[in-house]
Amino acid sequence: MTDSPRVSREAPESPESPESPGPAEKSLDSLIRHATDNAVSWITLDRPEAMNALTWDQRERVIDLLAAASADPGVRAVVITATGRGFCAGADLRGGPPAGERVPGDVARTIRLGAQRLIAAVLDCEKPVIAAVNGTAAGIGAHLAFACDLVLAAEPARFIEVFVRRGLVPDGGGAYLLPRLVGPRLAKELMFFGDALSASDAERIGLVNRVVPAEELEKTARAWSERLATGPTRALALTKQLVNASLDSDRAGAFAAEAAAQEINMTTADADEGVKSFVERRTPRFEGR
């Protein structure tokens with residue numbers, strides 16, 4: 001197609017080299033770093049020697065942190081980012097059973113309880129989630145970014161639907177997320193060929209909100225997340241739910257959900273503050289309640 005994204009057939013870097021220290025040699029807290037700053041929960045994948053490929057326990061740590069962000073009134077936005085040249089090279093598949101030892105249902109169960117839970121945790125998080133993509137995002141790593149509410153990408157970042165290169169079906173919500181973001185034809189092109197998509201092309205087709213120089217990624221993510229963290233947190237959560245649900249509902253269902261969300265939101269202190277500040281012609285001071 002004439003408007004096809006410019007892609008590269010360059011293979012992504014290998015998630016592991018023989019000399020790379022394995023995840024067991026570092027603590028889980030050091031592999032997934034976490035800090036809360038100015039009401040923003042920062043989740044940083046920190047296994048650069050493996051291009052931040054996710055092991056089972058790392059994935060569970062990210063899921064737990066997202067659930068904690070939802071429950072903590074002191075957290076009002078989330079940023080997911082990474083260190084090194086890669087955002088996330090996908091799932092680290094080492095340690096799984098050999099193909100001959102699988103029984104029917106093993107693979108589906110692994111995906112359902114693993115990659116799909118991770119993507120659902122991002123989609124269901126009650127706080128807005130920003131992906132700050134510093135480098136290559138491949139496979140489930142790409143889907144982790146696409147599931148976020150807003151996506152910032154450094155200029156060197158690339159997105160790769162790598163599954164077809166391994167003879168696999170996309171999992172981790174890829175066939176659900178991509179058609180909703182870019183339409184079925186572009187989604188099929190990306191998933192059928194598995195070519196690397198540059199950050200600028202990802203922005204052009206709507207997978208990325210903004211591309212920034214690598215040295216400005218953290219600064220921009222901090223500015224965006226802290227702006228969200230000063231907003232009406234419950235209204236943002238309800239807005240996120242409405243937009244996500246609208247993609248799977250008809251007009252009547254969407255309109256009913258919208259009315260119910262506004263009914264709930266009008267019970268919040270931030271809604272009272274928003275109306276009062278409008279009447280008093282001043283800037284609102286939202287507290288996330």
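The following refers to the structure shown. Note that the structure is predicted; figures quoted are calculated from it, not measured.

1. With respect to the state of the cysteines
For the coordinates displayed, the defined rule picks out zero disulfides. Counting only cysteine sulfurs, Cys-148 is the nearest neighbor of Cys-125, a cysteine outside any disulfide, at a range of 9.3 Å. Given a relative accessible area of 7%, Cys-148 falls into the buried group.

2. As for the pairing of strand E6 (residues 129-133)
Counted residue by residue, E6 has five buried out of five residues, so it is predominantly covered. Residues Val-129, Ala-131 and Val-133 line one face of E6 and the alternating positions Ile-130 and Ala-132 line the opposite face, and both faces are buried. The sheet contact formed by strand E4 (residues 77-82) and E6 spans three bridges and is parallel. Residue Val-79 lies in a different strand from E6, and its bridge partner there is Ile-130.

3. Description of helix H7 (residues 184-193)
For H7, the set of buried residues is Leu-186, Ala-187, Glu-189, Leu-190 and Met-191. Buried residues in H7 make contact with helix H6 (174-182) and strand E10 (196-198). Gly-194, located one to two residues past H7, shows a positive phi value of around 65°.

4. Digging into the nonpolar core
Among the nonpolar cores identified, the biggest contains 49 residues, and Leu-66, Val-78, Ile-80, Phe-87, Val-133, Phe-159 and Leu-207 are the most heavily contacted of them. Per element, the largest residue contribution to this core is six residues, and it comes from helix H5 (residues 140-147). Sequence-distant contacts of Val-133, that is, excluding residues within four places in its chain, are made with Phe-87, Ala-145, Val-151, Leu-152, Ala-153, Ala-154, Ala-157, Phe-159 and Leu-217. Among the nonpolar cores identified, the runner-up in size contains 14 residues, and Val-40, Trp-42, Ala-154 and Val-212 belong to it.

Quick notes on the rules
Residues numbered from 1 in each chain as written. Predicted model: local features only at pLDDT ≥ 70, side-chain atom pairs only at ≥ 80, totals over all residues. Heavy atoms only, no water. Disulfide = S-S within 2.5 Å. Buried < 20%, exposed > 50% of the residue type's maximum accessible area, 1.4 Å probe, protein only. Helix = DSSP H or I, 4+ residues; strand = E, 2+ residues; numbered from the N terminus. Pairing = 2+ DSSP bridges. Contact = heavy atoms within 4.5 Å. Core = buried A, V, L, I, M, F, W, Y, C linked by side-chain atoms within 4.5 Å.

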